[in-house]
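Commentary on secondary and tertiary structure
Okay, here's what each chain looks like letter by letter:
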Amino acid sequence: MGTMAQHYTGSYWLALSGDTTVNLCMGRFQVFSATDPAITSVSIDDARKYTLGGDVAVIANVGNENMHIKDANGTLLVTLTPDRVATLSLFDNSTAAGSWAVRAGDFAYTEAAL
């Protein structure tokens, strides 16, 4: 697993290999690159530390492998295939796992030198 780097005071980038637990960056766009053919999963830490309502995080998989997003109990919330994005919203934070609403869709990713 790499280190999470902040870009332009807003988005975060993390190269993944294997399984890791992340602290979601509230209201931030987070880019994960799943590049290891081994099962790669991202577990969200304790939901009780997040505020209810609104989009907690937008997560994109720009790698070439599937990425599984799980709650704090290890329950699968969504599998992001390459070039997919998920928006996570928290609607119950009374337990560590929480209750999440997940919307997933396609993500167009392009790098450009400025």
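Note: the structure precedes this text.
This text gives an overview of the structure that appears in the document. A quick note: this is a predicted structure, and the numbers were derived from the prediction, not measured.

1. Structural notes on the nonpolar core
Core analysis: the largest hydrophobic core is formed by 17 residues, its most contacted members being Ile59, Met67, Ile69, Leu80 and Trp100. Listed by contribution, the elements that provide at least two residues to this core are strand S4 (28–34), strand S5 (40–44), strand S6 (55–61), strand S7 (67–70), strand S8 (76–80) and strand S9 (84–92). Grouped together as the second largest cluster of nonpolar side chains are five residues, Ala60, Val62, Val85 and Phe107 included.

2. Considerations on the pattern of salt bridges
The final tally for this structure, using the stated rule, is three salt bridges. The residue Asp45 makes a salt bridge to Lys49 at a minimum N-O spacing of 2.7 Å. Given the relative accessible area of 12%, Asp45 is considered buried. Close ionic contact of Asp106 with Arg84 constitutes a salt bridge, the shortest N to O distance being 2.8 Å. Linking Asp106 in strand S10 (residues 99–106) with Arg84 in strand S9, this pair joins segments that are 22 residues apart in sequence. On the basis of relative accessibility, which here comes to 65%, the residue Asp106 falls in the exposed class. Judged by its relative accessible area of 25%, Arg84 falls in the partly exposed class.

3. With respect to the environment of Pro82
Looking at the element boundaries, Pro82 is found in the loop between S8 and S9. By relative accessible area, which is 31% here, Pro82 ends up partly exposed. A sequence separation of 21 residues divides Pro82 from Asn61, and the C-alpha atoms of the two residues are 5.6 Å apart.

4. Brief notes about the packing of aromatic side chains
Scanning all chains against the criterion turns up one aromatic pair. For the pair Tyr50 and Trp100, a centre-to-centre distance of 6.3 Å together with 65° between the ring planes defines the contact as edge-to-face. Pair noted here: Tyr50 is in the loop between S5 and S6 and Trp100 is in strand S10, with a separation of 50 residues, a long-range link.

Conventions we followed
Residues numbered from 1 in each chain as written. Predicted model: local features only at pLDDT ≥ 70, side-chain atom pairs only at ≥ 80, totals over all residues. Heavy atoms only, no water. Core = buried A, V, L, I, M, F, W, Y, C linked by side-chain atoms within 4.5 Å. Buried < 20%, exposed > 50% of the residue type's maximum accessible area, 1.4 Å probe, protein only. Helix = DSSP H or I, 4+ residues; strand = E, 2+ residues; numbered from the N terminus. Salt bridge = Lys/Arg side-chain N within 4 Å of Asp/Glu carboxyl O. Phe/Tyr/Trp six-rings, centres within 6.5 Å; stacked < 30°, edge-to-face > 60°.

Nothing here speaks to function; it is all geometry.
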